[in-house]
Amino acid sequence: GEVAKVLRSVIADCLGRSGRELPEIRPDKKVIDGVPGFDSLLGLEATIDLELRLGVTLEDNVFIKEVLGRPRARTFGEVVKALLTTLTGGSNATE
């Protein structure tokens, strides 16, 4: 869908700024540590890019979730789902 395209574009842009290319990403693959060169710092950068492109306010790093009080990397599919939830149900969703 459209959100997945935007997410891929943002990840590709962040990787491109550090001289890397975006590999194929499956929905069940973790983005942080699953995509070569994409670490939590790039996750923060990409989260800000997503906020600007989508016109929403997100958590600090949308690529990480808390499970039993501990941070865990989200899969690509989980990031898309989190973005869709924000876009459709969040108080800052646009259109």
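Residues numbered from 1 in each chain as written. Predicted model: local features only at pLDDT ≥ 70, side-chain atom pairs only at ≥ 80, totals over all residues. Heavy atoms only, no water.

**Q** Just to check I follow, could you spell out the overall build of the protein for this structure?
**A** A count of helical and extended segments in the protein gives 3 helices and 2 strands. Counting from the amino terminus, the protein carries its helices and strands in the arrangement α-α-β-β-α. Computed over the C-alpha atoms, the radius of gyration of the protein is 12 Å, within 12% of the 12 Å expected from 2.2 N^0.38 for a compact globule of 95 residues. Projecting the C-alpha coordinates of the protein onto the three principal axes gives extents of approximately 35 × 30 × 20 Å. Residues counted as buried form 36% of the 95 residues belonging to the protein. Accessible area for the protein stands at about 5700 Å²; split by element, carbon and sulfur atoms hold 51% of it. A gap of 7 Å separates the mean positions of the 13 positive and 15 negative side-chain charges of the protein. (Helix = DSSP H or I, 4+ residues; strand = E, 2+ residues; numbered from the N terminus. Rg over C-alpha atoms; globule rule 2.2 N^0.38 Å. Buried < 20%, exposed > 50% of the residue type's maximum accessible area, 1.4 Å probe, protein only. Areas by Shrake-Rupley, 256 points an atom, 1.4 Å probe, with all protein chains shown as cover. Lys, Arg positive; Asp, Glu negative; His and termini not counted. Charge placed at Lys NZ, Arg CZ, Asp CG, Glu CD.)

**Q** Please explain the packing of helix H1 (residues 2-17) against helix H3 (residues 76-89) as it appears in this structure.
**A** Geometry of a packed helix pair, given as the angle between the helix axes and the separation of the axes. With their axes 10 Å apart at the nearest point, H1 and H3 run at an angle of 120° to one another. With respect to H3, the element H1 is oriented oblique. Two packed elements cross with a definite hand, and for H1 against H3 that hand is right-handed. Every residue of H3 that contacts H1 at Val 3, Ala 4, Leu 7, Arg 8 and Ile 11 is listed here: Phe 76, Val 79, Val 80, Leu 83, Leu 84 and Leu 87. (Axes fitted to C-alpha atoms, helices over the stretch in contact; angles between N-to-C directions. Parallel < 35°, antiparallel > 145°, perpendicular 65-115°, else oblique. Left-handed = near helix turned anticlockwise from the far one by under 90°. Contact = heavy atoms within 4.5 Å.)

**Q** How do you make sense of unusual backbone geometry when you look at a structure like this?
**A** What is expected of a backbone is that most residues other than glycine have negative phi and most peptide bonds are trans. You will see that Asp 33, though not glycine, has its phi angle at about 70°, which is positive. Residue Leu 68 is not a glycine yet carries a positive backbone phi of 50°. As for its placement among the helices and strands, Leu 68 is situated in the loop between strand S1 (64-67) and strand S2 (70-73).

**Q** Looking at this structure, how should I read the pairing of S2?
**A** Looking along a regular strand, one sees side chains alternate from face to face of the sheet. Here 4 bridges tie S1 to S2, and the two strands are oriented antiparallel to one another. In the sheet register, Glu 66 faces S2, and the bridge partner there is Pro 71. Where S1 folds back onto S2 in an antiparallel hairpin, the turn is made up of 2 residues, including Leu 68, whose phi is positive at roughly 50°. (Pairing = 2+ DSSP bridges.)

**Q** Any chance you could explain the side chain of Asn 61 here in plain terms?
**A** With respect to the helices and strands, the residue Asn 61 is situated in the loop between helix H2 (40-54) and S1. Excluding anything up to four places from it in sequence, Asn 61 contacts Ile 32, Ser 40, Gly 43, Leu 44 and Thr 47.

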